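Topology and contacts: notes
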Amino acid sequence: MKKTKDENTEEQILDAAKDIFQSKGMDGARMQEIADKAGINKAMLHYYYRSKQLLFEAVFKNAFSLLAPQLNAILNDDSSLEDKIKNFTKDYTSFMMKHPYLPNFIIQELNRNEDFILKIKENTAFPNLKKFKEKVDDEISKGLIKPIDADQLFVNIIALNIFPFLGKPLIKAFTDKDDKTYKTFVEQRKTEVSSFIINSIKNA
């Protein structure tokens, strides 16, 4: 009888692979270790994913697909630039608090294989900055915000939101925070970051 791939088994594999890749990276991970963690044999793992590279790409795409639609929705709605910044910061921070492994996982793969982002960019859910840039230009022309390059503004928003997750151990050491107080600190950044950015670009 022909084998059929089981969704639950595939989910177990992706969860196991995510944990292994996160802790050991692509090069340090072993298929046998992933199979053991998923509770299956190596032959079954290869039935689902013929190579470690294909498995890594599946985990990466799955991780990115969780985040991209949320960012795209905010960037492309009809809200004001101020609301976009507030909603982006709030939603991004809330999402990352639930999926703290994601930033390091994504950055790790992009540093290892820069060309892989081209495959991800083909996905229709990949964030599109067109409407965001139009909104920036519109509010500049109306005198609501200072002249600023939309790409620079977007990178500023991303950088201020992502670093507390990428640099968590460093920030905890600098600010002398434990896990509980750090969680409160990150929660506060939902409003701190958006207020900082909005005040920096608003016309007096």
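Remember, it's a predicted structure, so these values are computed and weren't measured experimentally.

This next bit is on a nonpolar patch on the surface. Among the surface-exposed residues, Phe-163, Leu-170 and Phe-174 lie close enough to one another that they form a single nonpolar patch of about 350 Å² accessible area. Relative to the helices and strands, Leu-170 is located in helix 10 (residues 168–175).

It is worth spelling out the environment of Phe-165 at this point. Tracing the chain through its elements places Phe-165 in helix 9 (residues 150–166). We classify Phe-165 as buried; its relative accessible area is 11%. If sequence neighbours within four positions are ignored, Phe-165 has contacts with Tyr-92, Thr-93, Met-96, Met-97, Pro-103, Asn-104 and Val-186.

Looking now at the UniProt feature "domain: HTH tetR-type" (unreviewed entry) in the protein chain. In the numbering adopted here, UniProt assigns the feature "domain: HTH tetR-type" (unreviewed entry) to residues 7–67. Measuring from the first to the last C-alpha atom of residues 7–67 gives 21 Å, for a span that is 87% helix and 0% strand.

Further remarks concern the layout of surface pockets. To find leftover empty space, a probe the size of one water molecule is rolled over the atoms. Size it by volume and the largest pocket reaches roughly 530 Å³. The wall of the largest pocket is formed by 20 residues, among which Phe-64, Phe-126, Pro-127, Phe-154 and Ile-158 lie closest to the centre. At the level of elements, helix 4 (52–76), helix 5 (81–98), helix 6 (102–112), helix 7 (116–121) and helix 9 are the ones that each hand at least two residues to the lining of the largest pocket. Looking at the lining of the largest pocket, the element that brings in the most residues is helix 6, giving 5 residues. Looking at side-chain class alone, the lining of the largest pocket contains 19 nonpolar, no polar and 1 charged residues. Looking at the second largest pocket, its volume works out to about 230 Å³. Met-96, Met-97, Pro-100, Asn-104, Pro-164, Phe-165, Lys-168, Asp-179, Tyr-182, Lys-183 and Val-186 are the residues that line the second largest pocket.

Reading guide: rules and limits
Residues numbered from 1 in each chain as written. Predicted model: local features only at pLDDT ≥ 70, side-chain atom pairs only at ≥ 80, totals over all residues. Heavy atoms only, no water. Patch = residues over 30% accessible without salt bridge, like charges linked within 9 Å, V, L, I, M, F, W, Y side chains within 5 Å. Areas by Shrake-Rupley, 256 points an atom, 1.4 Å probe, with all protein chains shown as cover. Salt bridge = Lys/Arg side-chain N within 4 Å of Asp/Glu carboxyl O. Helix = DSSP H or I, 4+ residues; strand = E, 2+ residues; numbered from the N terminus. Buried < 20%, exposed > 50% of the residue type's maximum accessible area, 1.4 Å probe, protein only. Contact = heavy atoms within 4.5 Å. UniProt positions renumbered as here; feature names shortened; annotations may be inferred. 1 Å grid on protein atoms, 1.4 Å probe; cavity = no way out; pocket = protein on both sides within 12 Å on 5 of 7 lines; lining within 4 Å. Points joined across faces, edges and corners; volume = space filled by probe spheres on them. Nonpolar A, V, L, I, M, F, W, Y, C, P; charged D, E, K, R; others polar.

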